[in-house]
Amino acid sequence: MRSLATAAPSSWKGHIMTITRVFSGYQPTGRLTLGNLLGSIRPAVALQDRAECLYAVVDLHALTVQHDPAALRARTIEAATLLRACGLDRSIGYLQSQVTAHAELAYLLECTAHVGELQRMIQYKQKAGQARVNRVSLLTYPVLMAADILVHRTDLVPVGDDQRQHLELTRDLAVRFNRSYGEVFTVPDGVHPPLAARVMDLAEPTVKMSKSTTSDAGVIHLLDPPEQIRAAVARAVTDSEGQVRYDPDTKPGVSNLLAILSACTGVAPDQVAPSSYRALKAEVAEAVVEMLRPIQDRYRHLAADPADTERFLVDGAARAAELAAPVLAAAQDAIGLVPAGRGLPVYGGVGN
Ligand code: AQP
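This is a predicted model, so every value here is computed, not measured. (Residues numbered from 1 in each chain as written. Predicted model: local features only at pLDDT ≥ 70, side-chain atom pairs only at ≥ 80, totals over all residues. Heavy atoms only, no water.)

Q: Is there a simple way to think about the packing of aromatic side chains in this case?
A: Two descriptors summarise a pair of aromatic rings, namely the distance from one centre to the other and the angle between the planes of the rings. A complete count under the given rule lists 2 aromatic pairs for this structure. Taken together through their ring pairs, the aromatic side chains of Phe 177, Tyr 181 and Phe 185 make up a single cluster. Above the face of the Phe 312 ring, Arg 84 is positioned so that its terminal group lies 4.4 Å from the ring centre. (Phe/Tyr/Trp six-rings, centres within 6.5 Å; stacked < 30°, edge-to-face > 60°. Lys NZ or Arg CZ within 6 Å of the ring centre and 35° of its normal.)

Encoded structure:
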């Protein structure tokens, strides 16, 4: 939460007002998963009544690895519709590429970031190691993510555990820019769910569940039919101990199932203790199927009227652009660019 008395766009100056602004982003690199829902979408939905919330399908981020343009477009539309179906319909929702201030601010922040700190990003090291040739954008995308957040003077970012390092970079860049050029950005905080902040892959419980994984065996997508969800949970890797207890270090598979069950039902992991792994899996499968049922119903309803989602996104992009413009202008001004359309000020001269 912040007072906007000093850092406000010029149209707000003079009004002391306090608001909390929330931003979250979802990459259309694949189909949204249970991890995305529990780690970020649900916390973002819960914040809608207490804050001014924005979210974007961050389509530019999906260009950082090899991609198929037609599939990207289809995934983008699916994600935008599905996020509404999950309950993010009282937020300002839009497609990142339609609000150009994100990419414009990213360049200014690239002029603030250091190559070494980007090379240290865990996700960069993981993804860069998988390909023979890497796109420059794979290295720089955490800066674009920082721009996504900072361009709205975001206070709170609902994110899963995997994004902690990127959020820390965002905070570092905001502080560095503010120190060097003057107070432009709000330094944001992360909001992490108490449970299931890192949902693990059911087939490989030491690795996070991911939408762009090469094998789908351990991934639950939000639009998977119930029988597919039941089969994925039934196949989930556990251990040979046979005891249902929560201990992520020594029992990652069972603890992951308990965390998912707990996040779905709201009951603490040590309070949900089915007698056997079989019973645990049955309970997890039903809890996930029941949680996803209304989302899937709503998705089908929304997908039948794409024009409605298009209107929602166009309105969202217009509002997001309006909110971003003064922040981008403040950053451009602070860093030393000559602002457009405000007349050329008389400078004292810089000598030879
Ligand atoms: N397994 C997860 N558990 C909890 N939260 C998760 N998130 C992602 N996976 C999990 C959170 O979902 C939000 C949106 O994620 P993203 O679209 O930015 O992509 P990501 O973090 O890189 O995760 P993915 O789904 O695995 O995408 P790919 O495969 O493209 O890397 C974020 O808040 C994230 O923390």
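Q: Explain helix α3 (residues 101–110) here, please?
A: Side chains that are three or four residues apart share a direction in an α-helix, a result of its 3.6 residues per turn. Looking only at α3, the buried set comprises Ala 101, His 102, Leu 105, Ala 106, Leu 108 and Leu 109. End-on view of α3: buried residues confined to an arc of 165°, all on one side of the axis. Buried residues belonging to α3 abut β3 (21–26), β5 (92–95), α6 (136–150), α7 (164–181) and α11 (306–335). (Buried < 20%, exposed > 50% of the residue type's maximum accessible area, 1.4 Å probe, protein only. Helix = DSSP H or I, 4+ residues; strand = E, 2+ residues; numbered from the N terminus. Arc of directions from axis to C-beta. Contact = heavy atoms within 4.5 Å.)

Q: Please explain the environment of Arg 298 as it appears in this structure.
A: Among the secondary structure elements, Arg 298 is positioned in helix α10 (residues 277–303). For Arg 298, a relative accessible area of 30% puts it in the partly exposed group. Each residue touching Arg 298, except ones within four places of it in the same chain, is listed here: Arg 84, Ala 85 and Asp 89.

Q: I'm lost on the site of the ligand in this one. Help?
A: Near the ligand there are 24 residues, and of these Thr 29, Asp 162, Ser 210, Lys 211 and Ser 212 occur at the shortest range. Residue Val 199 places a main-chain N or O atom 2.8 Å away from a nitrogen atom belonging to the ligand. The side chain of Lys 211 places a nitrogen or oxygen atom 2.5 Å from an oxygen atom of the ligand. When the ligand sits alone it has 640 Å² of accessible area, and the protein chains cover 97% of it. Take the shell around the ligand: its biggest share by element is 4 residues, from helix α1 (residues 34–47). Considered class by class, the residues forming the shell around the ligand number 7 nonpolar, 12 polar and 5 charged. (Near = heavy atom within 4 Å. Polar contact = N/O pair within 3.5 Å; in protein donor to acceptor, adjacent residues only side chain to side chain. Areas by Shrake-Rupley, 256 points an atom, 1.4 Å probe, with all protein chains shown as cover. Nonpolar A, V, L, I, M, F, W, Y, C, P; charged D, E, K, R; others polar.)

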